[in-house]
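Coordinate inspection notes
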Amino acid sequence: MASAAPATAAAPLTADWRDFLALTKPRVMSLVVFTGLCGLLAAPLPIHPVLGFTAVLCIALGAGAAGALNQWYEADIDALMKRTADRPLPAGRMDRQSALHFGVGLAAFSVLLLYFATNWVAAAILALSILFYVLVYTVWLKRRTPQNIVIGGAAGAFPPVIGWAAATGDVSLLPVLLFSLVFLWTPPHFWALALFMKSDYAKAGVPMLPVVAGERSTRVQILLYTLPMIAVALLPFALDLAGRIYGIVACGASVVFAFLSTRVALRRSALNDAMKPEKQLFAFSILYLFGVFAALALDRLVLA
Amino acid sequence: MNEQEVRKRQRSRAKVMGLLLLALVILIYGISIAKMVVAS
C-alpha cells in the first residue's frame, strides 16, 4: 500500500462535497462517458432512453469510483507532483478512509445499478474495468514499469464495450475494434503528456517512459503506437462496420494525428524547450478520440 | 477548522446527499417503468 499521505496525520476531517466530486476526476470522466455513450449509440439494437441514460451514468460512476480509489492509493505521489498536489487527499482536505469508503461504495453501487438496469455482461465488464484500473494499473504496474500506461490503458478502453454490451447483451467485432483503438491511442496520448511533464514524474518516482528510457526512445514509441492505432481506426470502415461519415472523419483525423506524432518523433528538445509540438499532439489526441467516436455514433444515427 | 466551518460543511454534504437520494429514487422508479415497457 502507498505510504501515509499528509492527510492521515491530521484529525478527522469534514470534507466538502466538492472534494468528493474532485476525487472522481470529472475531467477524465468526460472522455470515458463519451466513448461509452458512443459505444451504446453505435450498437445495432435500440435501447430504452432511460436504460441508456442509466448505463452511461453507471459508466461515469464506475470511472469515478476507479478515480477515487486511484487517488486513495496514490496520495503520496500526488503530493509530489505540481499537477496533482491540490487534490483533496494530498492537500489535506479529506482523510484517506473517507476516500476509500467512497470509492468502494461507488464501485459496488455502479455495478449493481448497471446489472439492474441492463444485463450481467455489461455489469461484469464494468466490474472488470474498475478492478483492472485499480489493481492492475494503479497498484501493480504504475510504480514498477514504464509500460504502465500501455497495459493500464486497457482500463480506459472498456467504456465503448460496456455501452455496446448494455444495448445488445453481447460483445462483437466492432466493440473489440473500439477497445483496440482506445488501447493503442493511450500510449501516444500519455507519452506526449509525459514528455512535457517529465520532471514532475521523475520527482514523484513514477517510471514513465521518458524518465526511464529517455526522450529519444519515447518519441520513437509514440510513432510506433500511432501506426497500428490508425490502422485500427480505419478498420471499421474497411470492414463495412461503419459508414462514410466515420470513414471520412477517421481518415482526415488520422492524417493529422500521423503528422503530429511524426513531428514529435523526429524532433529533439532543447534546453528550456516549450515542448509545443508535444503539447499540440496531446491536445489533438483528445480531439481525435472525441471526433472519431462522435463520427461513429453520428454515422449510426444517420443510417438509422 | 473551527466548529462553525465543520457544521457548514456537514449541512452542505447532507443537502447534497438528500438530493442524490431523491434522484436515485426517481431513477429506480424510471428504470422499473422502462423495463416493464420493454418487456411488454
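Residues numbered from 1 in each chain as written. Chains lettered and ligands numbered in written order. Predicted model: local features only at pLDDT ≥ 70, side-chain atom pairs only at ≥ 80, totals over all residues.

Brief notes about the overall build of chain B
- Of the regular secondary structure elements, chain B holds one helix and zero strands.
- Across the 40 residues that make up chain B, the buried fraction comes to 0%. (Helix = DSSP H or I, 4+ residues; strand = E, 2+ residues; numbered from the N terminus. Buried ≥ 20, exposed ≤ 12 C-beta atoms within 10 Å, placed from the backbone.)

Re the domain arrangement of chain A
Residue and element names in this part refer to chain A.
- Looking at the assigned domains, one finds that chain A contains domain 1 (17-168) and domain 2 (172-304).
- Placing the centre of domain 1 and that of domain 2 at their C-alpha centroids yields a distance of 21 Å.
- Facing 26 residues of domain 1, the contacting portion of domain 2 comprises 29 residues.
- Of all the elements in the fold, those that place two or more residues in the side of domain 1 that touches domain 2 are helix H2 (26-42), helix H7 (148-157) and helix H8 (159-168).
- The greatest single-element share of the side of domain 1 that touches domain 2, amounting to seven residues, is contributed by H2.
- Its residues assigned to classes, the side of domain 1 that touches domain 2 comprises 17 nonpolar, five polar and four charged. (Domains from an automatic or database assignment. Contact = placed C-beta atoms within 7 Å. Nonpolar A, V, L, I, M, F, W, Y, C, P; charged D, E, K, R; others polar.)

Quick word on the interface of chain A and chain B
- With nine residues of chain A in contact, the opposing surface of chain B contributes 13 residues.
- Of all the secondary structure elements, the ones that give two or more residues to the side of chain A that touches chain B are helix H3 (49-73) and helix H5 (96-117) of chain A.
- Sorting elements by how many residues they give to the side of chain A that touches chain B places H3 of chain A first, with three residues.

Things to note about the packing of helix H6 (residues 120-141) of chain A against H7 of chain A
All names here are of chain A.
- As a packed pair, H6 and H7 sit with axes 8 Å apart at the nearest point and diverge in direction by 165°. Of the possible angle classes, the one that applies to H6 and H7 is roughly antiparallel. The way H6 lies across H7 gives a crossing that is left-handed. In this structure, H6 uses Ser129, Phe132, Tyr133, Val136, Tyr137 and Leu141 to contact H7, whose residues at the interface are Asn148, Ile151, Gly152, Ala154 and Ala155.
- A class-by-class count of the residues in the contact of H6 with H7 yields eight nonpolar, three polar and no charged. (Axes fitted to C-alpha atoms, helices over the stretch in contact; angles between N-to-C directions. Parallel < 35°, antiparallel > 145°, perpendicular 65-115°, else oblique. Left-handed = near helix turned anticlockwise from the far one by under 90°.)

Structural notes on the packing of H5 of chain A against H6 of chain A
Residues and elements named next belong to chain A.
- Look at H5 against H6: their axes get within 7 Å of each other, and the N-to-C directions meet at 160°. The orientation of H5 with respect to H6, classified from their angle, is roughly antiparallel. Considering how the two elements wind past one another, H5 and H6 form a crossing that is right-handed. Taking contact as the criterion, the partners of Ala107, Ser110, Val111, Leu114 and Tyr115 in H5 are, on H6, Trp120, Ala122, Ala123, Leu126, Ala127 and Ile130.

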